Amino acid sequence: MSAVRFGIGGPVGSGKTALVNALCQRLSGTLDMAVITNDIYTREDADFLVRAGSLPAERIRGVETGACPHSAVRDDISINLNAVEDLEASFGALQVLLIESGGDNLAATFSPELVDYTIYVIDVAGGEKIPRKGGPAQTYSDLLLINKIDLANHVGASLEVMEREAHRLRSGRPVLLSDLRRGVGVDRVTDWLLRRWQEGHRVTEPFTPRHSHPH
Ligand SMILES: Nc1nc2c(ncn2[C@@H]2O[C@H](COP(=O)(O)OP(=O)(O)O)[C@@H](O)[C@H]2O)c(=O)[nH]1
Ligand SMILES: [Mg+2]
């Protein structure tokens, strides 16, 4: 079986790279992993992950997306698919591939042709109103992670309100909370990812219209 691919999306600064790092630190001893990061003009996230020792450098690819980072994971996904093929050719037994999107807005989603499962990361510092704003990624991602719970008091955000509204928005799809700076909540995300990995590739409905959102 080829690697099960997880897309990690969310606004700039919400903690996507911190999540990628935490997942690699926890799981790379057990699973054969690689990472692709999408950045607008740089490979900053890839460089950060290499410095942090998340994975050996050759397992971390940074792609430069140009001005439309969400397009590179949703519409014109070829640069990402090339990186996927490249990694699969280099590491034949790859089991898990994490693909971090560039910073996006609440409307961004991943193409089902690029990833099997999606995690959407929002953060408390953006204010308690974020789940109320809805949007397809917050609503339909396979996991919604509310990160930076350590900052709730500083910004006057209520975690209870955020969690409740996130659950209301997502009608049963999972919501988890984390403080990735201190590793709080990482176990649950890890468990969730392992369960999805065990289920294997997502089988998409044959008649699901792809590219259904005009750019
Ligand atoms: N206080 C706090 N800071 C965090 C947390 N998670 C990430 N950060 C910090 O937030 C900043 C942005 O994180 P990053 O992972 O680069 O966000 P990305 O743009 O979504 O990839 C970095 O300085 C992180 O160290 C958290 O849970 N709490
Ligand atoms: Mg990042």
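### Things to note about the coordination of the magnesium ion (ligand 2)
Here the magnesium ion (ligand 2) is held by the protein donor atoms Thr17 (OG1), Asp45 (OD) and Glu100 (OE), which lie 2.1 to 2.2 Å from it. Written as a sequence motif, the donor residues of the magnesium ion (ligand 2) are T-x27-D-x54-E. Of the two residues, Thr17 sits in helix H1 (residues 16–27) while Asp45 sits in helix H2 (residues 44–52), which places them 28 residues apart along the sequence. Look at Thr17 and you get buried, because its relative accessible area is 12%.

### A word on the packing of aromatic side chains
Taken as a whole and judged by the stated rule, the model has 2 aromatic pairs. Considering the side-chain rings of Phe6 and Trp192, the 6.0 Å spacing of their centres and the 65 degrees angle between planes classify their relative orientation as edge-to-face. Of this pair, Phe6 sits in strand S1 (residues 4–9) while Trp192 is found in helix H8 (residues 186–199), placing the two residues 186 residues apart along the sequence. Trp192 matches Phe6 in its accessibility class, with the two residues each being buried. Three or more aromatic residues joined by ring pairs form one cluster here, namely Phe6, Tyr117 and Trp192.

### Focus: the site of ligand 1
The immediate surroundings of ligand 1 are formed by 16 residues, with Gly13, Lys16, Thr17, Asp150 and Leu180 found nearest. Ser14 is positioned with one of its backbone polar atoms (N or O) 3.2 Å from an oxygen atom of ligand 1. For ligand 1, an oxygen atom lies 2.9 Å from a polar atom in the backbone of Gly15. Contact with the protein chains removes 73% of the 580 Å² of surface that ligand 1 exposes when unbound. The greatest single-element share of the shell around ligand 1, amounting to 3 residues, is contributed by H1.

### Describing the packing of H1 against H8
Taken N-terminus to C-terminus, the directions of H1 and H8 make an angle of 75 degrees; their axes are 10 Å apart at the nearest point. With respect to their mutual orientation, H1 and H8 come out roughly perpendicular. Residue-level inspection shows Leu19, Ala22, Leu23, Arg26 and Leu27 of H1 in contact with H8, the latter providing Val186, Asp187, Val189, Thr190, Leu193 and Leu194. Among the residues forming the contact of H1 with H8, the class breakdown is 8 nonpolar, 1 polar and 2 charged.

### So, unusual backbone geometry
Its identity as a non-glycine residue notwithstanding, Lys148 has a phi of 65 degrees, on the positive side. Counting through the fold element by element, Lys148 comes out in the loop between strand S6 (143–147) and helix H6 (152–155). Phi angles above zero are rare outside glycine, and Ser171 is one such case at about 35 degrees. On the secondary structure map, Ser171 appears in the loop between helix H7 (159–170) and strand S7 (175–177).

### Side note on H7
Here H7 spans 16 Å end to end across 12 residues, near enough to the 16 Å set by a 1.5 Å rise per residue. Taken as a whole, H7 has its buried residues at Leu159, Val161, Met162, Glu165, Ala166 and Arg170. Viewed end-on, H7 has its buried residues packed into an arc of 160 degrees, placing them on one side of the element. What points out from H7, more than 90 degrees from its buried face, is the exposed set Glu160 and Arg168. Packed against the buried residues of H7 are strand S5 (117–123), helix H5 (136–140), S6, H6 and S7.

Calculation rules
- Here, residues in each chain are numbered from 1, in the same order as that chain's written sequence.
- Both sets of labels track the order of writing: A upward for chains, 1 upward for ligands.
- In keeping with the predicted nature of the model, local features appear solely for residues at pLDDT of at least 70, side-chain atom pairs appear and are counted solely at 80 or more, and the whole-chain, interface and lining totals rest on all residues.
- By convention in this description, side-chain values take in all heavy atoms of the structure and omit both hydrogens and water.
- Donor atoms: N, O and S within 2.8 Å of the metal, or within 3.2 Å for Na, K and Ca. Because water is excluded, sites can look incomplete.
- A run of H or I in DSSP counts as a helix once it spans at least four residues, and a run of E counts as a strand once it spans at least two, with each numbered from the N terminus.
- Burial classification: accessible surface area is computed with a 1.4 Å probe over protein chains only, and a residue below 20% of its type maximum counts as buried, one above 50% as exposed, and the rest as partly exposed.
- Between the rings of Phe, Tyr and Trp (Trp by its six-membered ring), a pair exists once the centres lie within 6.5 Å; its type follows the angle of the planes, with under 30 degrees stacked, over 60 edge-to-face, and the other angles tilted.
- When we say a residue is near a molecule or strand, we mean one of its heavy atoms is within 4 Å of it.
- Nitrogen and oxygen atoms within 3.5 Å of one another constitute a polar contact, given that in protein one can donate a hydrogen and the other can accept it, and given that sequence-neighbouring residues count only through two side-chain atoms.
- Shrake-Rupley sampling with a 1.4 Å probe provides the accessible areas, and residues are treated as covered by the protein chains on show and by no other component.
- Fitting a line to C-alpha atoms yields each axis, with helices limited to the stretch in contact; the angle taken between N-to-C directions then spans 0 to 180 degrees.
- An angle below 35 degrees is read as roughly parallel, one above 145 as roughly antiparallel, one from 65 to 115 as roughly perpendicular, and any other as oblique.
- Contact between two residues is taken to exist if any of their heavy atoms lie within 4.5 Å; hydrogens are not considered.
- Residues were grouped as follows: Ala, Val, Leu, Ile, Met, Phe, Trp, Tyr, Cys and Pro as nonpolar; Asp, Glu, Lys and Arg as charged; and all remaining residues, including Gly, as polar.
- Expected span, for any helix, means 1.5 Å times one less than how many residues it has.
- The directions considered for the arc run from the helix axis to the C-beta atoms.

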